[in-house]
Amino acid sequence: MGKFLQVVDRMLQVKKQLLIVTEALEMNGVLRSLLDFMEAMDKNRYDISLFCFDAFKPNFVRLPDYVKVLPEIPACYMARAPFARIVRWALFHWAFVPLLKRLTVSLLQNRFPQRFVKQDLAKGVRPLKGEWDVAIAYSMGMTWRFVAEKVVAKRKFMWLDTDVHFEPWKSFWRKYSPCLRSADALVCVSTAIRDMMRREFGTCARRIETIHNVVDAAAVVVKGNEPLRYPRSEKFRIVTVGRYCEPKNQVMIPEIAEELRKSGFCEFEWIMAGPGSALFKTDDPNLVCLDSLSNPYPLMKSADVYVQPSTYEGWGLTLSEAMCLGRYVIASDIPAFREQVVSPEEGMIVECTPTAFARAILVARASGCVTTSRRPSVATRFGFAAVRKEFDDMLG
């Protein structure tokens, strides 16, 4: 009888309308975090709507059925689509003002000005139709401005997923931080970032919260058991997964490899995978560079050791995922990673230098850490239940 009454009570409850605003659906850590965050929400309490500035959805993106995707606005389509297609689209919809803007800027810049149009998007568009109980700007930048100025919601939250003390985020922070005046809270994806922001902005420390990125350990393990496209060789395998960019610091990997060879260890292969990695130019015989993989988890699972040499990050999603697969991890000594790797059995935190990383890899190989089975704490500390509780506690 008690369970029956609980079910009836849930049915009678009015769901809260939750809006999430993001820039685009691109296969990267932000998208995976977003999908896991939506999965963590209590579907009996929230109806979820998603608004993307660029609503183009690649074939490999599977949005859940419970998410209502709002239509994109014309200016975004003008920024994304090929010119011939937007001419046909503008004629069909009688949207001559956006077409003229696109044509003018294209002629001036001699290229398609996607970034230019998007950065100024929130200034000229009409407010988003509808009202919500909660609105979340899930990616830093123009989504903050859009939620602050163009969304009607009882409560607004701005997500922060990086350390704004580093370039190029300093300029972003200066431009968009005024949007926080209309927000109920600035939400950081790690305690490390939250504490840094609270120290710097002590007057509004109470409005700076933490909701960690979700780690869907069960899904990672299932995907990790799928067939491996790159079979193991006899060599010691090191894997690094992530978008090729300055914060991920993949440029240091050849230097680490050289340090390993200097120490007399040459029988290893280091596989780098992620968007842009295939463009990484190197003649290093031990390095293999792959572009973005729709499922990188079998590769990560095949590693003897997983290495992440980032110089700064708000949260290391692939680091947590590698730990969920039982891999021993070696990561640079930055605040977010210290929060994730809390046990010597899970991995090592080292100084971000080629010598320190090479030494750690040799120690892990010699000590047998790479063959030890382990149950990572990230699966429970940052799982669905933990993040759902953080979100519910913030809303009160």
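It should be noted that the structure appears before, not after, this text.
Scope of this entry: the structure provided in the associated data block. Sequence order as written defines the numbering, with residues in each chain counted from 1. Note on the predicted model: pLDDT of at least 70 is required for a residue's local features to be given, and 80 or more for side-chain atom pairs to be given and counted; whole-chain, interface and lining totals, by contrast, use all residues. To get the side-chain values, take all heavy atoms of the structure and skip hydrogens and water.

### A word on helix α12 (residues 253-262)
The buried label goes to any residue with under 20% of its type's maximum accessible area, the exposed label to any with over 50%, and the partly exposed label to all in between, with areas taken from a 1.4 Å probe on protein chains only. Helix and strand assignments follow DSSP, with helices taken as H or I runs no shorter than four residues and strands as E runs no shorter than two, numbered in order from the N terminus. Looking only at α12, the buried set comprises I253, P254, I256, A257 and L260. When α12 is viewed along its axis, its buried side chains cluster within an angular range of 160° and face the same direction. Two residues qualify as a contact provided that any one of their heavy atoms is within 4.5 Å of a heavy atom in the partner residue. Among the structural elements, β8 (236-241), β9 (268-273), β10 (287-290) and α16 (354-367) are those in contact with the buried residues of α12. After α12 finishes, the residue G264 shows a positive phi value of roughly 95°. It is the directions from the helix axis to the C-beta atoms that the arc portrays.

### Quick look at the environment of A336
Position of A336 among the secondary structure elements: in helix α15 (residues 335-340). For A336, a relative accessible area of 1% corresponds to the buried category. Each C-alpha atom, one on A336 and one on T191, is 7.6 Å from the other, the two residues being 145 residues apart in sequence. For A336, the contacting residues outside a window of four places in its chain are S190, A192, E313, G314 and W315.

### Here we look at α16
End to end, α16 covers 20 Å across 14 residues, agreeing with the expected 20 Å (1.5 Å per residue, within 8%). Every buried residue belonging to α16 is among P354, A356, F357, A358, A360, I361 and A364, and all of these are buried. Residues of α16 that are buried make contact with β8, α12, β9, β11 (305-308), β12 (329-332) and β13 (347-350). Helix span, expected: 1.5 Å multiplied by one less than the number of residues in the helix.

### Focus: the packing of helix α8 (residues 142-150) against helix α9 (residues 169-176)
Helix axes are fitted to C-alpha atoms over the stretch in contact, other axes to C-alpha atoms as well, and angles between N-to-C directions run from 0 to 180 degrees. Between α8 and α9, the least distance of the axes is 10 Å, while the angle of their chain directions is 10°. As the angle between them shows, α8 and α9 are arranged roughly parallel. On the side of α8, the interface is formed by M142, W144 and R145, while α9 contributes W173, K175 and Y176. A per-class count over the contact of α8 with α9 returns four nonpolar, no polar and two charged. Any angle from 65 to 115 degrees is called roughly perpendicular, while one under 35 is roughly parallel, one over 145 is roughly antiparallel, and all others are oblique. Any residue that is not Ala, Val, Leu, Ile, Met, Phe, Trp, Tyr, Cys, Pro, Asp, Glu, Lys or Arg is counted as polar, Gly included; the first ten are nonpolar and the last four charged.

### Topic: the side chain of Q340
Examined against the element boundaries, Q340 turns out to sit in helix α15. On the basis of relative accessibility, which here comes to 0%, the residue Q340 falls in the buried class. Any N or O atom pair separated by 3.5 Å or less is treated as a polar contact, with the protein-specific requirement of one donor-capable and one acceptor-capable atom, and with residues adjacent in sequence counted only for side-chain atom pairs. At 2.7 Å, the side chain of Q340 and the backbone oxygen of G316 are in polar contact. Every residue in contact with Q340, bar those within four places of it in the chain, is listed here: W315, G316, L319, S320, M323, E346, V378 and R381.

### What to know about the sheet that holds β12
What the six strands build is an open sheet, ordered β10-β9-β8-β11-β12-β13; its pairing is parallel. Of all strands in the sheet, those with a lone pairing partner are β10 and β13, marking the two edges. The mean inter-strand angle of the sheet, taken between neighbouring strand axes irrespective of direction, is 20°. Strands qualify as paired when DSSP identifies two bridges or more between them.

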